[in-house]
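A structural walkthrough
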Amino acid sequence: MRSTSITSRKKKAIIGVLFSLLLMVLIITVFPKLKSTQNTQLLSETEGTLYYLERVDGVKTLFKADTNLENKTVVYSHKGKGKDSTGDYNDNILDFYYNQVEKTFHFIAMNNGAWSMFSLKEGETQPTLLKEDVMEMSTDYIKTHFKQQTVVAKKGSLYLTENNEESLLLKFKGIYDPKWTGYNPIGFSPNGNYLVYTSMEHLTPIGTIIDGFLTDSFGHTYIMDLSTKKSTRFVDSYEIQWVVE
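This report concerns the structure included in the present document. (Residues numbered from 1 in each chain as written. Predicted model: local features only at pLDDT ≥ 70, side-chain atom pairs only at ≥ 80, totals over all residues. Heavy atoms only, no water.)

A few points about the sheet that holds strand β7 (residues 128–132)
Read from one edge of the open sheet, four strands run β4-β5-β6-β7, paired in antiparallel fashion. Edge positions in the sheet fall to β4 (93–99) and β7, since each has one partner strand and no second. On average, each strand axis in the sheet is tilted by 25° relative to the strand beside it, whichever way the strands run. Where strand β6 (residues 114–121) meets β7, four bridges bridge the pair, whose relative direction is antiparallel. Residue Ser119 lies in a different strand from β7, and its bridge partner there is Thr128. (Pairing = 2+ DSSP bridges. Helix = DSSP H or I, 4+ residues; strand = E, 2+ residues; numbered from the N terminus. Axes fitted to C-alpha atoms, helices over the stretch in contact; angles between N-to-C directions.)

So, the environment of Tyr76
Looking at where Tyr76 falls in the secondary structure, it is placed in strand β3 (residues 73–76). Assessed through its relative accessible area of 3%, Tyr76 is described here as buried. Separated by 29 residues in sequence, Tyr76 and Phe105 place their C-alpha atoms 9.6 Å apart. In this structure the side chain of Tyr76 is engaged in a polar contact, spanning 2.8 Å, whose partner is the side chain of His78. (Buried < 20%, exposed > 50% of the residue type's maximum accessible area, 1.4 Å probe, protein only. Polar contact = N/O pair within 3.5 Å; in protein donor to acceptor, adjacent residues only side chain to side chain.)

Focus: the sheet that holds β3
Taken in spatial order, the four strands make up an open sheet running β3-β2-β1-β16, and their pairing is antiparallel. The open sheet has two edge strands with one neighbour each: β3 and β16 (240–243). Neighbour-to-neighbour, the strand axes of the sheet open up by a mean angle of 35°, direction not taken into account. Of the strand pairs in this sheet, strand β2 (residues 59–66) and β3 are connected by three bridges, and their pairing is antiparallel. Bridged to Lys64 within β3 is Thr73.

Here's the deal with the pairing of strand β13 (residues 194–199)
For β13, a buried count of six out of six residues is recorded, marking the element as mostly surrounded by other parts of the structure. Two elements, strand β12 (residues 183–188) and β13, share five bridges in a ladder whose sense is antiparallel. If you follow Tyr183 over to β13, its bridge partner there is Ser199. Connecting β12 to the next strand, β13, in antiparallel fashion are five residues, including Gly192 with a positive phi near 75°.

Honestly, it's all geometry; don't read function into it.
Okay, here's the thing in structure tokens:
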């Protein structure tokens, strides 16, 4: 009986140690997150309209919003219309372009098994099929260069090059992994005063992975005022067209 009691205590001790180690790993890797600044006043100083793709129930959908992220509306969803060659559905919009003069959208989506180009007048709900077997189109998303300015990511940090002089914009101070940690640039605003970028928001890869598993969130998109270096959350999309009237 005594031997059984000792064995039981050993098992409990081992379980306790393992639980403590797991808790330490979570504390060290998951909880330390990059500071997510929320300078919402920054958005009120921007101008223009955003057109971008955002996933809704797993489907890339075309949205429109003011740059202060108000008046967000769905421009077009291809849900239920993207029947592929196997009989399943791929309702994603791959690429899009908004023609400001004609007030018309062009986008690529699935049509009876073929990726095809469609057009859609602003305000309308039914697109027009233009051409089948199209995988790419000319887009006008924000870019990582503007006049003499270029932004790049190096080991998770953001660097700005202007007139051949490079300066540090945002330093990543964690364990860098190109897939799971660090910052990445998306592009400049039309006037070059703001930079849109992504942050994986964790200092370690395992932190990003565990947080993603628990919350289904793998980082977010931010916008930085280049004059102050202050940032705030922005639309979570790589495909952003920023239009100024």
